[in-house]
Amino acid sequence: MTLRYPDIFNEFTCIGSDCKDNCCKMGWDIEIDSGTLDYYRGLDTDLGRRLCESIYEEDGCYYMSQQEGCPFLSAEGLCTVQQTCGAEHISEICREHPRFYEWFGDYKEAGLGLCCEEVSRLVMTHERPILFTEKQIDEETDDMAFDSECLAAVKMLRDRLIDIAQDRGFSLLQRLVILCYAVADIHDAMQDGDCERLKKISGMLAIDGFRMEIVIQAQKDFQGQSESAKESLSWLFSGLAGMEYMGGIKERFVIDDEIIDAMLKAESSFERDYAPFEYELENVLVYFLYRYFIKCTRYDDMAEDYLFSAVYMTLALRGLFLREYAKNGVLPDKERRIYLVKEFSKEVEYDSDNMDIIYDDISCCGDTRDKLCRLCL
Ligand code: SF4
């Protein structure tokens, strides 16, 4: 089996009791896999009985009840099941979180989810472009069907999209525009199952001059549309403000004309002050592209959604930074930016209902490319 992973993958260690937003306290449904459930059922101890009492069944799956977080988290923020029984006896999802995986036969991809504050820190402090490595591992081949020709074309194209996201010869906003202009062709080729066309698109996007042509064309297309930039900002933030949130980040998306005007007025000085830190949102964009675009291999009608949502979420985070900059006259500091990225991932990216709202918005609005581009030009 070949495993592909980003270079930060092996740098991650859970910071446990030092974590300010421990994932065990989030009230998520924690699935208990069958091997772990059997182990708990066989435990003839108080802990075993408490574990079995805390697990409930729904549609044939088993979950830990946790209204206000996991009942087995100690006051110090550590897992008492792991401390007592060993890491091999906590449920697979607890052992693996925040790591994520995708399997295609004898090929597997791994990554780290941004909803974890330590991952957010790793991503936001990695100044060099994130690199991806492959190695051989000893693991059984996955037997779920997929089209291997499609996987090869999607991988090649995703490498190109990541290369664009990391092309520091362009500003981050210009890179987002290049991605937006590529979406329609990619989406059509994916829907037609045309792998040759995907390879051709990939070849075109590799050409520096072609990328520059897109930027110049987009600048012409959107010249003098400052009123539309206001509308696009309002569309982006009102979409996000209408979602369900567990915590207080929702209020960061509620805006009015006064806030929008202040954000647009502050934008050029924000661009200047944030330029040395652009690698942060570059890495976030690379994360979204790496994690989601590969899924087109199985969901060929989702290419547009995965690409536009990567741009949408990157711009949403930039918008959060810009909003605080406009209010305070200075950039939110590094800790604050790490917090906002983690919180956004936890509340939006990791909430399937909220992601569906973004996908619906992208599919229904009809001019998503233009709305997103107006926020970049
Ligand atoms: S959020 Fe990350 S660092 Fe914090 S407890 Fe969970 S896995 Fe560990």
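Visitor: Provide a residue-level description of the domain arrangement of the protein, including the pertinent values.
Guide: Splitting the protein by domain gives domain 1 (12-96) and domain 2 (148-374). Computed over C-alpha atoms only, the centres of domain 1 and domain 2 are separated by 35 Å. Taken together, the 4 residues of domain 1 in the interface contact 6 residues of domain 2. Buried area between domain 1 and domain 2, both sides added, is near 350 Å², and the carbon and sulfur share of it is 57%. Area buried by domain 1 at its contact with domain 2 is led by D21, M26 and W28, which between them contribute 93% of it. Counting across the domain 1 and domain 2 interface gives 2 salt bridges. Between D21 and K342 there is a salt bridge, with its nearest N and O atoms 2.6 Å apart. Counting across the domain 1 and domain 2 interface gives 2 residue pairs in polar contact (both at pLDDT 80 or more). For the side of domain 1 that touches domain 2, the per-class residue count stands at 2 nonpolar, no polar and 2 charged.

Visitor: Run through helix α14 (residues 334-349), naming residues and quoting values.
Guide: The end-to-end C-alpha distance of α14, which contains 16 residues, comes to 21 Å, matching closely the 22 Å that a straight helix rising 1.5 Å per residue would cover. In terms of residue burial, α14 counts as a mostly covered element, since 12 of its 16 residues are buried. Every buried residue belonging to α14 is among R337, I338, L340, V341, K342, E343, F344, S345, K346, E347, V348 and E349, and all of these are buried.

Visitor: Explain the pairing of strand β5 (residues 99-104) to me, and be specific about the residues and the numbers.
Guide: Burial along β5 is one-sided: the face carrying F100, E102 and F104 is buried and the face carrying R99, Y101 and W103 is not. Where β5 and strand β6 (residues 107-112) come together, 6 bridges link them in antiparallel fashion. Residue pairing in the sheet places W103 in a bridge with K108 of β6. Taken together, β5 and the strand that follows it, β6, pair antiparallel across an intervening segment of 2 residues, in which G105 is found at a positive phi of about 60°.

Visitor: I'd love a proper account of unusual backbone geometry, names of residues and values included.
Guide: Of note, the amide linkage connecting H97 to P98 takes the cis form, showing an omega dihedral of 10°. Mapping P98 onto the fold places it in the loop between α4 (92-96) and β5. Even without a glycine there, the phi angle at D59 is positive, about 50°. Mapped onto the elements of the fold, D59 is located in the loop between β3 (55-58) and β4 (61-64). In this structure D59 comes out as exposed when scored by relative accessible area, which is 74%.

Visitor: Account for the site of the ligand, with residues named and values stated.
Guide: As a matter of local geometry, the ligand sits amid C14, I15, C19, D21, N22, C23, P98, C116 and E118. Split into classes, the residues belonging to the shell around the ligand amount to 6 nonpolar, 1 polar and 2 charged.

Visitor: Please set out the packing of helix α13 (residues 303-328) against helix α15 (residues 352-365) residue by residue, giving values where relevant.
Guide: Between two packed helices, what matters for the description is the angle formed by their axes and the separation of those axes. Remark: α13 packs on α15, axes separated minimally by 10 Å, with the N-to-C direction vectors making an angle of 110°. One way to sum up the angle between α13 and α15 is to call them roughly perpendicular. Facing E304, D305, Y306, F308, S309, Y312 and M313 of α13, the residues of α15 in contact are M355, I358, Y359, D361, I362 and S363. Split by residue class, the contact of α13 with α15 holds 8 nonpolar, 2 polar and 3 charged.

Reading the values: the criteria
Residues numbered from 1 in each chain as written. Predicted model: local features only at pLDDT ≥ 70, side-chain atom pairs only at ≥ 80, totals over all residues. Heavy atoms only, no water. Domains from an automatic or database assignment. Contact = heavy atoms within 4.5 Å. Buried area = accessible area lost by both parts, 1.4 Å probe. Salt bridge = Lys/Arg side-chain N within 4 Å of Asp/Glu carboxyl O. Polar contact = N/O pair within 3.5 Å; in protein donor to acceptor, adjacent residues only side chain to side chain. Nonpolar A, V, L, I, M, F, W, Y, C, P; charged D, E, K, R; others polar. Helix = DSSP H or I, 4+ residues; strand = E, 2+ residues; numbered from the N terminus. Expected span 1.5 Å × (residues − 1). Buried < 20%, exposed > 50% of the residue type's maximum accessible area, 1.4 Å probe, protein only. Pairing = 2+ DSSP bridges. Near = heavy atom within 4 Å. Axes fitted to C-alpha atoms, helices over the stretch in contact; angles between N-to-C directions. Parallel < 35°, antiparallel > 145°, perpendicular 65-115°, else oblique.

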